[in-house]
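# Secondary and tertiary structure notes
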Amino acid sequence: AIGERVFRPTIAAMLARALFEQRRIDEAEALARESAEIADPGDIVTHVYWRRVSALIHAEHGDHDAAEELVREAVALASETDFVNDQADALVDLADVLRIAGRTTEATSVATDALRRYAVKIHETVLCDVCSAACRSGSAGTTSDSSRT
């Protein structure tokens, strides 16, 4: 049905990642390939996901050039979105690919950039929580300092 065509590529890419983390590389590779083949061209998030896991699979096989190309494509696609976590996740995978290729200095720099993005997301989340709590308590825009009269 419609859900099959819409969600299947994304779920396939996510499952590929889970299988990769379990070291079930052949199964992960098959699902990543399926995701790439059936993903809608406009589904940027799915294209980020399958490229990320495919890059790690290539790195695992020692094909560092293909791995780096795929993961840099994922980073570029993620940067076109407002999804800070996806941007940071792609950078973490780039750092892993670079580390596996023996490029530890560059990997450290990329990982630091990923941490900065995660920090931005945490800051935004905390700020939203504080604002929501203030609105719920009815104290938004008021002061509790009675010395100001």
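What counts and what doesn't
- Residues numbered from 1 in each chain as written.
- Predicted model: local features only at pLDDT ≥ 70, side-chain atom pairs only at ≥ 80, totals over all residues.
- Heavy atoms only, no water.
- Patch = residues over 30% accessible without salt bridge, like charges linked within 9 Å, V, L, I, M, F, W, Y side chains within 5 Å.
- Areas by Shrake-Rupley, 256 points an atom, 1.4 Å probe, with all protein chains shown as cover.
- Salt bridge = Lys/Arg side-chain N within 4 Å of Asp/Glu carboxyl O.
- Helix = DSSP H or I, 4+ residues; strand = E, 2+ residues; numbered from the N terminus.
- Expected span 1.5 Å × (residues − 1).
- Buried < 20%, exposed > 50% of the residue type's maximum accessible area, 1.4 Å probe, protein only.
- Contact = heavy atoms within 4.5 Å.
- Axes fitted to C-alpha atoms, helices over the stretch in contact; angles between N-to-C directions.
- Parallel < 35°, antiparallel > 145°, perpendicular 65-115°, else oblique.
- Left-handed = near helix turned anticlockwise from the far one by under 90°.

## Side note on a nonpolar patch on the surface
Together, Val6, Phe7 and Ile11 make up an exposed nonpolar region whose accessible area comes to about 300 Å². Note that Phe7 resides in helix 1 (residues 2–21).

## Examining helix 5 (residues 84–100)
The periodicity of an α-helix, 3.6 residues per turn, causes residues three or four positions apart to be oriented the same way. With 17 residues, helix 5 ought to run about 24 Å at 1.5 Å a step, and its terminal C-alpha atoms sit 24 Å apart, in line with that. Buried residues of helix 5: Val84, Asp86, Gln87, Ala88, Ala90, Leu91, Asp93, Leu94, Ala95, Val97 and Leu98, and no others. Backbone geometry just after helix 5 places Gly102 at a positive phi near 85°.

## Some thoughts on the environment of Ala55
Position of Ala55 relative to the elements: it lies in helix 3 (residues 44–60). Ala55 sits in the buried class, given a relative accessible area of 0%. Taking the C-alpha atoms as reference, Ala55 lies 5.3 Å from Leu70; in sequence the two are 15 residues apart. Among residues more than four places away in sequence, those in contact with Ala55 are Ala67, Leu70, Val71 and Val97.

## Points about unusual backbone geometry
Backbone geometry at Arg23 places phi at a positive 70°, although glycine is not the residue there. Note on placement: Arg23 falls in the loop between helix 1 and helix 2 (25–38). Arg23 gets classed as partly exposed once you look at its relative accessible area, which sits at 45%.

## Quick look at the packing of helix 4 (residues 64–79) against helix 5
Interaxial distance between helix 4 and helix 5 falls to 9 Å at its minimum, and their mutual angle equals 165°. Between helix 4 and helix 5, the angle is such that the two are roughly antiparallel. The handedness of the crossing between helix 4 and helix 5 comes out as left-handed. Contacts between helix 4 and helix 5 involve His64, Ala67, Glu68, Val71, Arg72, Ala74, Val75, Ala78 and Ser79 from the first element and Asp86, Gln87, Ala90, Leu91, Asp93, Leu94, Val97, Leu98 and Ile100 from the second.

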